[in-house]
Amino acid sequence: MTKQPRELALLAESGRLLASVFELLDRTSLAGKSTLQINDMVERFIVQDLQARPASKGQYGYGFVLNSSVNDVVCHGVPSQSDVLRDGDIVNFDITLEKNGYIADSSKTYLVGNVNPAAKRLVQTTYDAMWMGIRTVRPGARIGDIGWAIERHAKRNGYSVVREYCGHGIGREMHEEPQILHFGKPGTGLPLREGMVFTIEPMLNRGRRSVKTEADGWTVVTSDGSLSAQFEHTVAVTASGVEVLTLRPGECGSGPVRGQARH
């Protein structure tokens, strides 16, 4: 589960390239575009501009380079020409990228146009919860510390944490050990060691935490139709704490969500 310095350098490069994909999305006006248009734009950028591989395409038989999860879609939303983003939507784009054999994974929930305050608050709280988890990462901390920090922040703000999906180790493979739960008890679980690389990717719901999978076998939605939001970073445990490998320019883990897409 621990990576050597050369591997960490390659993972950091993949993370830097993936961050630039989200910079592209930050500059893109999303309203009126279909999720398939956005998928195709991201694929061109990864393949042609970054000379990298979209790691999700073909993984487990999936045919696209990203997941596009709109409003009550929790995760694994499938891009579609008929799925057009409208004013007031929230949408999570979950994207993976492989360069030189190593994979980075990140996601961000965007506000499309004029989003109501309740949805904005959910998105911001989810972002902050991710950072609460990231800030617990250091050698000797435990996996339960991450989940506890995330769940505590979510509950304090009146939201539930989805339990069916978790963060994961990452490297040459998309999904490696360890699993990173977004709930838990402090001081429990596997101790973190320098060189571990994994994702932290909480999903918060406005309503109940229960979810269901739609007939396509991919799309996961909230059981009660409530809004859901997610953020994700790939992180590495360092000697002194944590490095966020997919950190985007200007991002510091506090303050308002950046790169909110508008008309």
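Quick caveat: nothing in here was measured; it's all calculated off a predicted structure.

Caption draft 1: Fine view of the sheet that holds strand β11 (residues 220-222). Across the sheet, which stays open at both edges, the three strands sit in the order β2-β11-β10 with antiparallel pairing between neighbours. The sheet terminates laterally at β2 (73-75) and β10 (211-213), the two strands that pair on one side only. Between one strand and the next, the sheet's axes are offset by a mean angle of 40°, whatever the strand orientation. Summarising the sheet, β10 and β11 pair through three bridges and their orientation is antiparallel. Paired with Val-211 across the two strands is Thr-222, which belongs to β11.

Caption draft 2: Structural detail: helix α3 (residues 117-134). The first and last C-alpha atoms of α3 sit 26 Å apart over 18 residues, in line with the 26 Å expected at 1.5 Å per residue. The opening residue of α3 is Asn-116, an N-cap whose side-chain oxygen sits 3.1 Å from the backbone nitrogen of Ala-118.

Caption draft 3: The arrangement of the packing of α3 against helix α4 (residues 143-156) in detail. At their nearest, the axes of α3 and α4 sit 8 Å apart, and the two run at 155° to each other. Classed by the angle they form, the pair α3 and α4 counts as roughly antiparallel. Crossing handedness for the pair α3 and α4: right-handed. Residues Thr-125, Asp-128, Ala-129, Met-132 and Gly-133 of α3 touch α4, and the partners they reach there are Ile-146, Ala-149, Ile-150 and His-153. The residue inventory of the contact of α3 with α4, partitioned by class, reads five nonpolar, three polar and one charged.

Calculation notes
Residues numbered from 1 in each chain as written. Predicted model: local features only at pLDDT ≥ 70, side-chain atom pairs only at ≥ 80, totals over all residues. Heavy atoms only, no water. Pairing = 2+ DSSP bridges. Helix = DSSP H or I, 4+ residues; strand = E, 2+ residues; numbered from the N terminus. Axes fitted to C-alpha atoms, helices over the stretch in contact; angles between N-to-C directions. Expected span 1.5 Å × (residues − 1). Polar contact = N/O pair within 3.5 Å; in protein donor to acceptor, adjacent residues only side chain to side chain. Parallel < 35°, antiparallel > 145°, perpendicular 65-115°, else oblique. Left-handed = near helix turned anticlockwise from the far one by under 90°. Contact = heavy atoms within 4.5 Å. Nonpolar A, V, L, I, M, F, W, Y, C, P; charged D, E, K, R; others polar.

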